[in-house]
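# A look at the structure
Letter by letter, the chains look like this.
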Amino acid sequence: MNRTLITVAPTGAEIDKATWPQLPTTVEELVAEARACEAAGAAMIHVHIRDGEHRPTLDLGRLRETVAALRENTGLIVQLSTGGSVHDPFADRLKVLDAAPDSCSITCGTVNFGNDVFSNPWPFVVDLYQRSQAAQVVPEFELFDLGHVATLERLVGEFGLPYGGKVHADFVLGVPGGLPATVPALVAGVQALPAAVTSWSATGIGRGHLPVLAASLAMGGHVRVGMEDNVFFAPRRPVTGSAELVARAATLANHLQRPAMSPAQARELIGLSA
């Protein structure tokens, strides 16, 4: 039976803790949310961290503490974001690998990000990719636009397969400046994927959350959900937390006879050793 990898992204770098108090920003809150999400069907957690004032940070000590806490208290694959916030310098983003996560995100190109620019020039992407290979960290290639798909193909073509030998990509749809969170946009992206890609997932931002979730499941892809990407369960009804979104994704996957993967099954999917 085909199964579904559900990744949860519970925090992100854009959502304000004061406005959304249910957002997990301390290590203790993140661990509690991760446990709830694992019980609901998640197999991987995409992690951004915050400092003591709930602001985005790439502090290496805090990253290491978070990775250790998640490993001690859950069976989830721990994936650290190397994007941080749009304001983080390249040097700090490269150091994320020093926290020794299971996986890391690699965004395959620069994209307008609302009123800001999420900068990922080719030399930085290459440096990050080669460091992930050397550190034996499995990357997830984040694709915000069709040009990013071409960059992924170039990256693997010039520098070989990632650690683990699998190529897992995630479409992030709905960021102002990138591909919209629509079914036609997802179809176009999937059709453009290079042959080296062994699995893919999709993330719908905001109102695009449900259409992208349903389309990805119907097309045989995997899904990412969580408060980083969407803070409403329904119109005018905020989520209680990311576990609620994971549970709905798992229910939909069950209805489509593609139940949620266990963390062990997800490790095999993306090329992580047991």
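To start, this report covers the structure provided alongside it. None of these values were measured; they are calculated from a predicted model.

As a further point, take the sheet that holds strand E6 (residues 103-107). Reading around the barrel, the eight strands line up as E1-E2-E5-E6-E9-E10-E11-E12 and close back on themselves, with parallel pairing between neighbours. When strand polarity is set aside, the average angle formed by the axes of neighbouring strands in this sheet is 30°. Taken together, the four bridges between strand E9 (residues 138-143) and strand E10 (residues 168-173) define a ladder with parallel strand orientation. If you follow Glu142 over to E10, its bridge partner there is Asp170. Strand contacts of helix H9 (residues 263-270): strand E2 (44-47), strand E5 (77-80), E9, E10, strand E11 (199-204) and strand E12 (222-225), with the helix running at about 55° to E5, the strand carrying the most contacts.

Evaluated as defined, the whole model comprises ten salt bridges. The shortest N-O distance in the salt bridge between Glu29 and Lys17 comes to 3.0 Å. In this pair, Glu29 sits in helix H1 (residues 27-40) while Lys17 sits in the loop between strand E1 (6-8) and H1, placing the two residues twelve residues apart along the sequence. Glu142 is paired through a salt bridge with Arg224; the nearest N and O atoms lie 3.1 Å apart. Note that Glu142 is positioned in strand E9 and Arg224 in strand E12, a separation of 82 residues in sequence. When its relative accessible area of 4% is taken as the criterion, Arg224 is described as buried. A single salt-bridge network, built from bridges that share partners, covers Glu142, Arg224, Glu228 and Asp229.

It is worth spelling out the side chain of Asp102 at this point. Following the sequence through the fold, Asp102 ends up in the loop between helix H3 (90-95) and E6. Overall, the relative accessible area of 9% leaves Asp102 in the buried class. One polar contact links Asp102 to Arg71, side chain to side chain, over a distance of 3.1 Å. Those residues within four positions of Asp102 in sequence are excluded, and the remaining contacts are Arg71, Leu76, Ile77, Val78, Val137, Val138, Arg267 and Leu272.

Our next topic: unusual backbone geometry. In this structure, Ala100 takes a positive phi of about 55° despite not being glycine. The exposure class of Ala100 is partly exposed, given its relative accessible area of 42%. Even without glycine at this site, Gln257 takes up a positive phi of about 60°.

Turning to the packing of helix H4 (residues 122-135) against helix H5 (residues 146-159), a few remarks are in order. Contact geometry of H4 with H5 gives a least axis separation of 11 Å together with a crossing angle of 50°. As summarised for this structure, H4 and H5 are arranged oblique, according to the angle between their axes. The hand of the H4/H5 crossing is right-handed. Every residue of H5 that contacts H4 at Trp122, Val125, Val126, Tyr129, Gln130 and Gln133 is listed here: Thr151, Arg154, Leu155, Val156, Glu158 and Phe159. Residues belonging to the contact of H4 with H5 are distributed by class as follows: seven nonpolar, three polar and two charged.

Reading the values: rules and limits
- Residues numbered from 1 in each chain as written.
- Predicted model: local features only at pLDDT ≥ 70, side-chain atom pairs only at ≥ 80, totals over all residues.
- Heavy atoms only, no water.
- Pairing = 2+ DSSP bridges.
- Helix = DSSP H or I, 4+ residues; strand = E, 2+ residues; numbered from the N terminus.
- Axes fitted to C-alpha atoms, helices over the stretch in contact; angles between N-to-C directions.
- Contact = heavy atoms within 4.5 Å.
- Salt bridge = Lys/Arg side-chain N within 4 Å of Asp/Glu carboxyl O.
- Buried < 20%, exposed > 50% of the residue type's maximum accessible area, 1.4 Å probe, protein only.
- Polar contact = N/O pair within 3.5 Å; in protein donor to acceptor, adjacent residues only side chain to side chain.
- Parallel < 35°, antiparallel > 145°, perpendicular 65-115°, else oblique.
- Left-handed = near helix turned anticlockwise from the far one by under 90°.
- Nonpolar A, V, L, I, M, F, W, Y, C, P; charged D, E, K, R; others polar.

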